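Chain residues, written in single-letter form:
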Amino acid sequence: MAVITIDTSTYEQQLKEKQQRISAQFARFDAPQLEVYDSPKSHYRQRCEFRVWHDGDDLFHIMFDQQTKEKIRVDQFDPGAPLVNEMMQVMMDKLRHNEILRRKLFQIDYLTTLSGEVLISLLYHRALDDTWQEAMQALRHELQQSYKVDFIGRARKQKVVFGDDFVTERLTVNDKQYTYQQVENSFTQPNAAVNEKMLAWAQDLCAPLQNDLLELYCGNGNFSIALAGQFNRVLATEISKSSVHSAQYNIAANEVDNLDIIRMSSEEFTAAMKGEKQFSRLKGIDLHSYNCQTILVDPPRAGMDELTCKLVSQYDNIIYISCNPDTLERDLELLCETHQVSRIAIFDQFPYTHHVESGVFLTRK
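Residues numbered from 1 in each chain as written. Predicted model: local features only at pLDDT ≥ 70, side-chain atom pairs only at ≥ 80, totals over all residues. Heavy atoms only, no water.

Caption draft 1: Broad picture of the domain arrangement of the protein chain. Examined at the domain level, the protein chain breaks down into domain 1 (8–41 + 169–364) and domain 2 (47–167). A C-alpha centroid distance of 32 Å is found between domain 1 and domain 2. Listed per partner, the contact involves 14 residues of domain 1 and 14 residues of domain 2. Summing both partners gives a buried area of about 1100 Å² for domain 1 against domain 2, and 45% of it is carried by carbon and sulfur. By the criterion of area lost to domain 2, the three top residues of domain 1 are Glu169, Gln182 and Glu184, representing 49% of everything that side buries. Linking domain 1 with domain 2 are one salt bridge. Measuring nitrogen to oxygen at the nearest pair gives 2.8 Å for the salt bridge that ties Arg154 to Glu184. Where domain 1 packs against domain 2, one counts seven residue pairs in polar contact (both at pLDDT 80 or more). Mapped onto the side of domain 1 that touches domain 2, the elements with two or more residues apiece are β11 (166–173), β12 (176–183) and α5 (192–206). (Domains from an automatic or database assignment. Contact = heavy atoms within 4.5 Å. Buried area = accessible area lost by both parts, 1.4 Å probe. Salt bridge = Lys/Arg side-chain N within 4 Å of Asp/Glu carboxyl O. Polar contact = N/O pair within 3.5 Å; in protein donor to acceptor, adjacent residues only side chain to side chain. Helix = DSSP H or I, 4+ residues; strand = E, 2+ residues; numbered from the N terminus.)

Caption draft 2: Seen up close, helix α10 (residues 325–335). Turning to α10, its buried residues are Pro325, Thr327, Leu328, Glu329, Asp331, Leu332 and Leu335. Buried residues belonging to α10 abut α1 (11–25), α9 (306–312), β17 (317–322), β18 (339–347) and β19 (357–364). Where α10 begins, the capping side chain belongs to Asn324, and its oxygen is found 3.0 Å from the backbone nitrogen of Asp326. (Buried < 20%, exposed > 50% of the residue type's maximum accessible area, 1.4 Å probe, protein only.)

Caption draft 3: Seen up close, the nonpolar core. Of all hydrophobic cores here, the largest spans 36 residues; its most connected members are Leu216, Phe269 and Leu332. Listed by contribution, the elements that provide at least two residues to this core are β13 (212–216), α8 (266–273), β16 (292–297), α9, β17, α10, β18 and β19. Residues in contact with Leu332, not counting those within four places in the same chain, are Phe26, Phe29, Val360 and Leu362. (Core = buried A, V, L, I, M, F, W, Y, C linked by side-chain atoms within 4.5 Å.)

Caption draft 4: Structural detail: the layout of surface pockets. In this structure, the second largest pocket encloses a volume near 170 Å³. The wall of the second largest pocket is formed by 14 residues, among which Arg47, Glu49, Leu111, Glu184 and Asn185 lie closest to the centre. Going through the elements one at a time, β3 (47–55), β7 (105–112) and β8 (117–124) are the ones with two or more residues in the lining of the second largest pocket. When its residues are assigned to classes, the lining of the second largest pocket shows six nonpolar, four polar and four charged. Looking at which domains feed residues into the lining of the second largest pocket, each of domain 1 (8–41 + 169–364) and domain 2 (47–167) supplies at least three. (1 Å grid on protein atoms, 1.4 Å probe; cavity = no way out; pocket = protein on both sides within 12 Å on 5 of 7 lines; lining within 4 Å. Points joined across faces, edges and corners; volume = space filled by probe spheres on them. Nonpolar A, V, L, I, M, F, W, Y, C, P; charged D, E, K, R; others polar.)

Caption draft 5: Up close: the sheet that holds β7. As summarised here, the arrangement of the seven strands in space is β5-β4-β3-β7-β8-β9-β10, forming an open sheet in which the pairing is mixed. Looking at which strands have only one partner, the edges of the open sheet turn out to be β5 (71–74) and β10 (158–162). Taken pair by pair, the neighbouring strands of this sheet meet at an average axis angle of 30 degrees, ignoring direction. Running at roughly 145 degrees to β7, helix α2 (residues 82–95) makes contact with β3, β4 (58–64), β5, β7, β8 and β9 (148–155) of the sheet. (Pairing = 2+ DSSP bridges. Axes fitted to C-alpha atoms, helices over the stretch in contact; angles between N-to-C directions.)

Caption draft 6: Broad picture of the sheet that holds β16. Spatial ordering of the open sheet is given by β2-β18-β19-β17-β16-β13-β14-β15, a layout of eight strands whose pairing is mixed. Since the sheet does not close on itself, it has two edges, and those belong to β2 (35–37) and β15 (259–263), each with one partner. On average, each strand axis in the sheet is tilted by 15 degrees relative to the strand beside it, whichever way the strands run. Relative to β17, β16 runs parallel, the two sharing four bridges. Within β17, the residue paired with Ile295 across the bridge is Ile318. The sheet contacts of α5 involve β2, β17, β18 and β19, and relative to β18 the element is tilted by about 155 degrees. Seen against the sheet, α8 touches β13, β14 (234–238) and β15 and runs at an angle of roughly 135 degrees to β13.

Caption draft 7: Examining the environment of Leu143 more closely. Mapped onto the elements of the fold, Leu143 is located in helix α4 (residues 130–143). When its relative accessible area of 4% is taken as the criterion, Leu143 is described as buried. With 49 residues separating them in the primary sequence, Leu143 and Lys94 have C-alpha atoms 9.7 Å apart. Each residue touching Leu143, except ones within four places of it in the same chain, is listed here: Met87, Val90, Met91, Lys94, Val149 and Phe151.

Caption draft 8: Focus on empty space enclosed by the protein. Going through the model one piece at a time under the given rule, you end up with two cavities of 30 Å³ or more. In this structure, the largest cavity spans a volume of roughly 60 Å³. The set of elements that each furnish at least two residues to the lining of the largest cavity consists of β7, β11 and α5. Residue classes in the lining of the largest cavity are distributed as three nonpolar, six polar and two charged. Formed jointly, the lining of the largest cavity draws a minimum of three residues from each of two domains, domain 1 (8–41 + 169–364) and domain 2 (47–167). A volume near 30 Å³ is recorded for the second largest cavity.

In structure tokens:
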């Protein structure tokens, strides 16, 4: 069996190296001591994608070596959550001898949860006809005797859903459980255990603030739902239609009654706040009735544009979640003209890689 293994004995050292690197990179901002939140040493990824390789009668998952581009057979994957590994084995056993379902299959994506649900997407280089759909339905019916599993088939201009196109995750933060709908192909934090720690850190920051919160780039409401209890009111923005839909579902599922989400980009929201442009999407929402002294941003890897940085700097308290230390450093150069770094943390979302998720809490000077 081909197993992608992790040498877990190196974990503490790799985390220490990240700690040293980030501490050095942000030392010029007079940041306090870096807070470090570790990851499980293995089986931490709830979301994994694999190419599929056909070798005669055999069928197996593969990955490509980043340096040599050589293909590597993967039967078990140590970074993958236990349910990912279990379903990898199940799927190959079921597909290997099923000519209808394996033909022209080139990729399988697994999305799992701590709550035990799994969504499997199969990607094909052919049309998914009635025969394929009948075979897929039969496989789902068989596997649902043992697993909470749904399927999606994808081909050119085709998406066929068997069950739901989402999973429902349940995260526990400070002894309270939160429910999150996570839709296939939309962004979610892949390391659920570290996400719980990140949300707990943010709750700790916000507990004494007692005002209103504005969140930009809110995604499916990951932060805004967990933080709603710390604030009087929360206003959040997100540009992705599917993420906004999930956020609305999550608001209802968690019985949150003080959170409004608007589908807008950060640039559009900046223009609305400055009164430069009116948007029908803001109908019924009085922006100026909010007492938002705190803002949370969780931007993409590119960070924030200069206009958004200037908008953000107008708030007394800034929580900046970043997946890219370099764009975080660039944005802090602007933000630290008016604010100081009061707390800084790293969350090891991606162990054994150079990637680091960071959290910075800034307060007005």
